[in-house]
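# Fold and contact review
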Amino acid sequence: MDLSWLSDPYALLGLLTLIVLEVVLGVDNLIFVAILAEKLPPHQRDRARVLGLSLALIMRLFMLAGISWLVKLTAPLFSVQGQSFSGRDLIMLGGGLFLLFKATMELHERLEGVEHSEGNGQKAYAAFATVVVQILVLDAVFSIDSVVTAIGMAEHLSIMMLAVVIAMSMMIMASKPLTRFVNAHPTVVMLCLGFLLMIGFSLIADGFGFHIPKGYLYAAIGFSVLIEVFNQIANVNRQRFLNSRNSFRSRTADTVLRLLGNAPLQHGGHHEQEHEEGPHEDAEEAFAHNERAMIHSVLTLAERPIRVIATPRSDIHRLDISQDAEQQRKVLRDSPYSRLLVVGAGRIDEPLGIVARKDLLAQLLDGQTLDVMAALRQPLVLPEGMTVLKAMEAFRQQAADMAFVVNEFGSLEGIVTQKDLMEAIAGDFPEEHERHEQPALVQGEDGSLDVEGSTELVTLEQYIELGNYEEEDFHTVAGLLMHRLERIPRQGDSIREAGWEIVVTEQKGNRTERVSIRPLPKLDDEQG
């Protein structure tokens, strides 16, 4: 083999130019490989790409070695109505028709949402050999232009072969990240299928003797790619803006969930929030929704005040020692709770403590008279602004079962139990006497929600996206309504927030019991 060209700078410049052209001519080939590889099971995709492109490299080297045979491909074989066809023309026609067929079928599947599945409901994958053969068939078509370009630009066979080897090696290295990127962005897949249709038409035209300059094709492809780049940048910036509306801890929770292989927990109705999905290499998510919700709750414990998880004082079962013994016995008998708040003369703002029903039962079993004050205990007292995380630490240090939540004036705002702390992490644990009650949050099939007014906004973040209220003084749906209306809500009142309509469906006095949250029609959302 003649290697004297190694000392010729013009030959080296020609080699570099030829490598660039070979890579450019191989872009359409890579696009097709990226789409075909997705048809295989995840563990076979890398092997198919490398094997298919490696065999394609060997094919191109053989074609270069048989230059005399390749020249014969341009000789006319037969004519139809004055139009002569060579071997190269037939290959171009066949390859173009194959590209049109494959690209059209792929477009149909993606537009119609068709996904082939096996009898057990799992996704059906293509056979490994079938995909590799398709890669080889298309590469045979694309190789003709590549090899003809190499023959026309270089005089030495070694330069041609070296340029093809380097270019194909670069294509093999680029195929994996390109495949990952293409399959992670559905709009890019549709754009690539459009490219394949355009290339298929150009091959058919070339087969009939109508040569379309490659510059026109690559200019159109380059312009489309540029527009798609702008589109992807706009999506990333829009996603960053949407995330900036959430609290810092919520964004941290979403980031952790992404690192664990899951999408963030917002499922925002009709919003055009687009999450970039990676290649679906697993049929199931790493974590179920309730597991992700629990992780999200844990990561937001340090920003949630205990007053939002506390039982408000209007719902507290209490025992008034100023009542007679019969009335006290009735309260003890009817209450479903094991501990009761003890007050004097009905003054709930200044509770005396708590009493456990088992302690009073012990008195009766021992033959003693009922003595509430003897069984009285003093619970933990926590300020209403303390976070759930710090409250957990206080419960652990004091070995407490219950805590009073007081405001800055020392008045009782509610009570917190160990069960409340657990529900702040894992969601509601309804007791037997609560099973007949409507759940705190009910999600409709249309994406709407029916929630209690006391539902935390951080809980809603697991279902919809309303905005960032980290710096606000309210933490519940009722608080949001009161803040927007600037008064006590009334039944039928409604507000619009971030594309959602929030309607008060049940109001008892000053307390908002139930709220309906439903997505606004797109037209209303755009005009509002």
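Computed from a predicted structure; not experimentally measured. (Residues numbered from 1 in each chain as written. Predicted model: local features only at pLDDT ≥ 70, side-chain atom pairs only at ≥ 80, totals over all residues. Heavy atoms only, no water.)

Moving on, we get to the sheet that holds strand β13 (residues 500-508). Across the sheet, five strands lie side by side as β10-β11-β14-β13-β12; this open sheet has antiparallel pairing. The open sheet has two free edges, formed respectively by β10 (441-443) and β12 (494-497), since each of these has just one partner strand. Put simply, the sheet's adjacent strands are angled 20 degrees from each other on average, direction ignored. In the sheet, strand β11 (residues 449-452) pairs with strand β14 (residues 511-519) via four bridges, with the strands oriented antiparallel. In the sheet register, Val451 faces β14, and the bridge partner there is Val515. The sheet contacts of helix α17 (residues 477-485) involve β11, β12, β13 and β14, and relative to β12 the element is tilted by about 95 degrees. (Pairing = 2+ DSSP bridges. Helix = DSSP H or I, 4+ residues; strand = E, 2+ residues; numbered from the N terminus. Axes fitted to C-alpha atoms, helices over the stretch in contact; angles between N-to-C directions. Contact = heavy atoms within 4.5 Å.)

So, about the nonpolar core. By size, the foremost hydrophobic cluster in this structure holds 37 residues, and its most contacted members are Leu99, Met168 and Leu196. Elements supplying a minimum of two residues to this core: α2 (27-37), α3 (42-65), α5 (87-112), α6 (128-153), α7 (157-184) and α8 (186-207). The element best represented in this core is α8, accounting for eight residues. Filtering out sequence-adjacent residues up to four positions away, Met168 remains in contact with Leu53, Ala56, Leu57 and Arg60. Formed by 20 residues, the second largest nonpolar core is a distinct cluster that contains Ile309, Met386, Met392 and Ala394. (Core = buried A, V, L, I, M, F, W, Y, C linked by side-chain atoms within 4.5 Å. Buried < 20%, exposed > 50% of the residue type's maximum accessible area, 1.4 Å probe, protein only.)

Across four bridges, the pairing between strand β1 (residues 76-80) and strand β2 (residues 83-86) is antiparallel. Looking across to β2, one finds that Pro76 is bridged to Ser86. The antiparallel pairing of β1 with β2 creates a hairpin that spans two residues between the two strands, and Gln81 there sits at a positive phi of about 50 degrees.

In this section: the pattern of salt bridges. Across all of its chains, the model carries 13 salt bridges by this definition. A salt bridge links Lys330 to Asp334, with the nearest nitrogen and oxygen atoms 2.9 Å apart. Of this pair, Lys330 and Asp334 both sit in helix α12 (residues 325-334), four residues apart, which is roughly one turn of that helix. Glu393 is the salt-bridge partner of Arg396, the closest N and O atoms lying 2.5 Å from each other. Here the residue Arg396 and the residue Glu393 both occupy positions in helix α14 (residues 388-398), the gap between them amounting to three residues, near one helical turn. For Arg396, a relative accessible area of 57% corresponds to the exposed category. (Salt bridge = Lys/Arg side-chain N within 4 Å of Asp/Glu carboxyl O.)

Further remarks concern the confidence of the model for the protein. For the protein, mean pLDDT is 76; residues scoring 70 or higher make up 76% of the total. Per-element mean pLDDT across the protein ranges from 48 in helix α18 (residues 522-527) up to 92 in strand β7 (residues 380-383). Confidence drops under pLDDT 50 across residues 265-284; counting only partners more than four residues distant or on other chains, this segment forms 55 contacts. With pLDDT under 50 throughout, residues 524-528 is counted as low confidence; its partners more than four residues away or in other chains account for five contacts. (pLDDT = per-residue confidence, 0-100.)

Looking at where Gln232 falls in the secondary structure, it is placed in helix α9 (residues 214-244). Here Gln232 falls in the buried class, since its relative accessible area comes to 12%. A polar contact of 2.6 Å, which involves the side chain of Gln232, links it to the side chain of Glu228. (Polar contact = N/O pair within 3.5 Å; in protein donor to acceptor, adjacent residues only side chain to side chain.)

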